[in-house]
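Per-entry structural report
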Amino acid sequence: MKITEAKVIVTCPGRNFVTLKIMTDEGVYGIGDGTLNGRELAVASYLKDHVAPLLIGRDPHQIEDIWQYLAKGVYWRRGPVTMASIGAVDTALWDIKAKAAGLPLYQLLGGKSRAGVMVYGHANGRDIPETLDAVGEYLDKGYKAVRAQSGVPGLDAVYGVARGKMFYEPAVKGAAPEEQIWSTEKYLEFAPKLFDAVREKFGFDFHLLHDVHHRLTPIEAARLGKSLEPYRLFWLEDPTPAENQEALKLIRQHTVTPIAIGEVFNSIHDCREIIENQLCDYIRTAVVHSGGITQLRKIAMLAELYQVRTGCHGATDLSPICMGAALHFDLWVPNFGIQEYMHHTEETDAVFPHAYSFGDGYLYPGDTPGHGVDFDEKLAAKYEYDPAYLPVARLEDGTMWSW
Ligand code: KDG
Ligand code: MG
């Protein structure tokens, strides 16, 4: 089999997505997600100008060699743009291999390790009563795990609080990022009250998660983890900015609240020391941003040695292709923890028809050969790229902060 064409398509059915479609001389094609929120066109150019021409004529079955060629062969390694591009290629190649074999992708990885993939939904509200209502809705829908985020009194906008229902979308349309004001003091004062209210109303019979989104210093994160211990979180996510990995040691010295980190990581080298030193409990790297399944499974195998489990990023800015591929990975990976799941809009789902389905708190990838997600190119062509950026955060005195 030979690759005959590699097309890069940027489409905006509600939000921007970068899709790679690889065609072969045998008529089998594969699709991969290369979306990098707010930097979509950089990935599209990397793929179009620097990767697609190199794929023509290669055997799509040589997934490992193509991965090594693009990731190790290249002098300028790693980084989110490079790795999201490689992620798109790798996902499309796994799709082709599984379709050619007539098997769902999880079978090629080693088969099912579980019946379904436990997912967590996003319950959020502008205040505690609204967030409680949202938690209740997820529990009514059968979710076994819920992430709770709430607006903080005195702050106009906070990470994790949706503008619409069910479809949390942090990127804001426009030519420049929206600026938001952050106060650690107000947040730390408020957060334990939210989780006290959630456990008080709904009890302990479901998993509860929370994302700090890189806002705290190490000692503040330690204080938060300690103050949330009575509410037994499944995880506290990204308590501090990921660059300072030493910070996690300090947090660990003070709290047994489990830590999840890694949605912004793009290489096994970003994960290695954290995993080897057992500084996290869940590793969050996603199929697209970690250079595809080929590297993600290496990360997972390293993590397995240290009883660190997976908890792949699954926000709406990762396309349904990434979600489909992640679900095959999740169904197989022995040290699976949980999968993030935010509904895509109907507009998005129409462009990416998919075999995966939800039932009683679990997602199932389906048994369609490949990763089970397709791409409607004609429909996609109707939605032009529309610039949108993640917000930025400043402290109340104007100091730039981590968003
Ligand atoms: O593109 C960034 C979003 O995916 C991110 O802000 C969402 O933190 C996030 C999460 O946990 O889903
Ligand atoms: Mg997060």
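Coordinates for the structure precede this section.
A brief structural summary. Predicted model only: the values in this text are computed from it and were never measured. (Residues numbered from 1 in each chain as written. Chains lettered and ligands numbered in written order. Predicted model: local features only at pLDDT ≥ 70, side-chain atom pairs only at ≥ 80, totals over all residues. Heavy atoms only, no water.)

1. What about the state of the cysteines?
Structurally, a disulfide amounts to a covalent bond that connects the sulfur atoms of two cysteines. We apply this condition: Cysteine sulfur pairs qualify as disulfides if the two atoms are within 2.5 Å. Burial here depends on accessible area, computed with a 1.4 Å probe over protein chains only, as a share of the maximum for the residue type. Under 20% is buried, over 50% is exposed, and the range in between is partly exposed.
What the rule picks out here adds up to zero disulfides. Cysteine Cys12 remains unbridged, with the sulfur of Cys322 as its closest cysteine sulfur at 18 Å. Accessibility expressed as a relative area gives 7% for Cys12, which makes it buried. Not engaged in a disulfide, the cysteine Cys322 finds its nearest cysteine sulfur in Cys312; these two sulfurs lie 7.8 Å apart.

2. A word on the site of ligand 1
For clarity, the cut-off: The cutoff for a nearby residue is simple: one of its non-hydrogen atoms must lie within 4 Å of the molecule or strand. Pairs of N or O atoms within 3.5 Å make up the polar contacts considered here, provided that, within protein, one atom can donate a hydrogen while the other can accept it, and that residues adjacent in sequence are counted only when both atoms are side-chain atoms. All accessible-area figures derive from a Shrake-Rupley calculation using a 1.4 Å probe, and residue coverage is judged against the displayed protein chains alone. In the scheme used here, Gly and all other residues not listed as nonpolar or charged are polar, with Ala, Val, Leu, Ile, Met, Phe, Trp, Tyr, Cys and Pro taken as nonpolar and Asp, Glu, Lys and Arg as charged.
Near ligand 1 lie 14 residues; those nearest to it are Tyr159, His213, Glu263, Asp317 and Glu340. Glu340 is positioned such that a nitrogen or oxygen atom in its side chain is 2.5 Å from an oxygen atom of ligand 1. When isolated, ligand 1 has an accessible area of 330 Å², and the protein chains bury 94% of it. Grouping the constituent residues of the shell around ligand 1 by class yields four nonpolar, three polar and seven charged.

3. As for the packing of helix H3 (residues 80-101) against helix H10 (residues 293-305)
Here is the rule we go by: All axes are obtained by fitting lines to C-alpha atoms, using only the stretch in contact for helices, and the reported angles, taken between N-to-C directions, cover 0 to 180 degrees. To qualify as a helix, a DSSP run of H or I must reach at least 4 residues; to qualify as a strand, a run of E must reach at least 2; elements of each kind are numbered from the N terminus. Just so you know how the angles are binned, under 35 degrees is roughly parallel, over 145 roughly antiparallel, 65 to 115 roughly perpendicular, and the rest oblique. Only heavy atoms matter for contacts: two residues are in contact if any of them lie within 4.5 Å across the pair.
Closest axis-to-axis distance for the H3/H10 pair is 8 Å, and the angle between their directions is 100 degrees. Classed by the angle they form, the pair H3 and H10 counts as roughly perpendicular. Residue-level inspection shows Met83, Asp90 and Trp94 of H3 in contact with H10, the latter providing Ile293, Thr294, Gln295 and Arg297. Within the contact of H3 with H10, the residues separate by chemical class into three nonpolar, two polar and two charged.

4. Side note on the side chain of Thr24
Tracing the chain through its elements places Thr24 in strand S2 (residues 17-24). Residue class for Thr24 comes out buried when judged on its relative accessible area of 6%. Filtering out sequence-adjacent residues up to four positions away, Thr24 remains in contact with Met1, Lys2, Ile3, Thr4, Pro60 and Ile96.

5. Some remarks on the packing of aromatic side chains
Geometry of an aromatic ring pair is reported as the spacing of the ring centres plus the angle between the planes. This is how the line gets drawn: Any Phe, Tyr or Trp ring, taking Trp's six-membered ring, that has another such ring centre within 6.5 Å forms a pair; planes under 30 degrees apart are called stacked, those over 60 apart edge-to-face, and the others tilted. To sit over a ring, a charge needs its Lys NZ or Arg CZ within 6 Å of the ring centre and within 35 degrees of the ring normal.
This model, assessed by the stated rule, comprises 13 aromatic pairs. The rings of Tyr120, Phe234, Trp235 and Tyr282 are connected pair by pair, giving a single aromatic cluster. Over the aromatic face of Phe17 sits the side chain of Arg15, whose NZ or CZ is 5.7 Å from the ring centroid. For the cation-ring pair, Arg58 lies above Tyr69, with the distance from its terminal atom to the ring centre recorded as 4.1 Å.

6. Re the coordination of the magnesium ion (ligand 2)
Applied cut-off: Each metal's donors are the N, O and S atoms found within 2.8 Å of it, except that Na, K and Ca use a 3.2 Å limit; water is left out, so coordination can look incomplete.
Ligation of the magnesium ion (ligand 2) by protein atoms is provided by Asp211 (OD), Glu237 (OE) and Glu263 (OE), these donors lying 2.0 to 2.2 Å from the ion. Site description for the magnesium ion (ligand 2): donor spacing in sequence, D-x25-E-x25-E. Of this pair, Asp211 sits in strand S8 (residues 207-211) while Glu263 sits in the loop between strand S10 (259-261) and helix H9 (268-276); the two residues are 52 residues apart in sequence, bridging distant segments of the chain. Owing to a relative accessible area of 10%, Glu263 belongs among the buried residues under this scheme.

7. Structural notes on the pattern of salt bridges
Note the cut-off: Salt bridge, as used here: a side-chain nitrogen of Lys or Arg that lies within 4 Å of a carboxyl oxygen of Asp or Glu.
The final tally for this structure, using the stated rule, is 21 salt bridges. Among the salt bridges present, the one from Arg284 reaches Glu237, with a minimum N-O distance of 3.0 Å. With Arg284 in the loop between strand S11 (282-283) and H10 and Glu237 in strand S9 (residues 235-237), the pair connects residues that are 47 residues apart, well separated along the chain. Each member of the pair, Arg284 together with Glu237, is buried. Between Arg284 and Glu340 there is a salt bridge; the shortest N-O distance is 3.0 Å. Placement of the pair is Arg284 in the loop between S11 and H10 and Glu340 in strand S13 (residues 339-340), with a sequence separation of 56 residues. Glu340 matches Arg284 in its accessibility class, with the two residues each being buried.

8. Some words on the pairing of strand S4 (residues 117-125)
Quick reminder of the rule: At least two bridges found by DSSP between two strands are what make those strands a pair.
Most of S4 is tucked away: nine of the nine residues are buried. In this sheet, strand S15 (residues 362-364) lies alongside S4 in antiparallel orientation, the contact comprising two bridges. If you follow Met118 over to S15, its bridge partner there is Tyr362. Here six bridges tie S4 to strand S5 (residues 145-150), and the two strands are oriented parallel to one another. Bridged to His122 within S5 is Arg147.

9. Let's talk about the sheet that holds S2
Two orientations exist for strands paired in a sheet by backbone hydrogen bonds: parallel and antiparallel. Taken in spatial order, the three strands make up an open sheet running S1-S2-S3, and their pairing is antiparallel. The open sheet is flanked by strand S1 (3-11) and strand S3 (29-33), the only strands paired with a single partner. Between one strand axis and the next, the sheet turns through 20 degrees on average, direction left out of account. Relative to S3, S2 runs antiparallel, the two sharing five bridges.

10. Overview of the nonpolar core
This is how it is decided: We define the nonpolar core as a collection of buried residues of types Ala, Val, Leu, Ile, Met, Phe, Trp, Tyr and Cys that are connected through side-chain atoms lying within 4.5 Å of one another.
With 130 residues, the main nonpolar core has Ile22, Leu47, Val89, Tyr187, Leu224 and Ile283 as its most contacted residues. If one sorts the elements of this core by residue count, H3 sits on top with 10 residues. Leu224 has contacts with Tyr187, Leu188, Ala191, Val212, Leu216 and Leu236, leaving out every residue within four places of it along the chain.

11. Some details on the sheet that holds strand S18 (residues 400-401)
Spatial strand order, S7-S17-S18: three strands in an open sheet with mixed pairing. Looking at the sheet topology across the chains shown, the edges are occupied by strand S7 (179-182) and S18. Where S7 meets strand S17 (residues 392-395), four bridges bridge the pair, whose relative direction is parallel. If you follow Glu179 over to S17, its bridge partner there is Val392.

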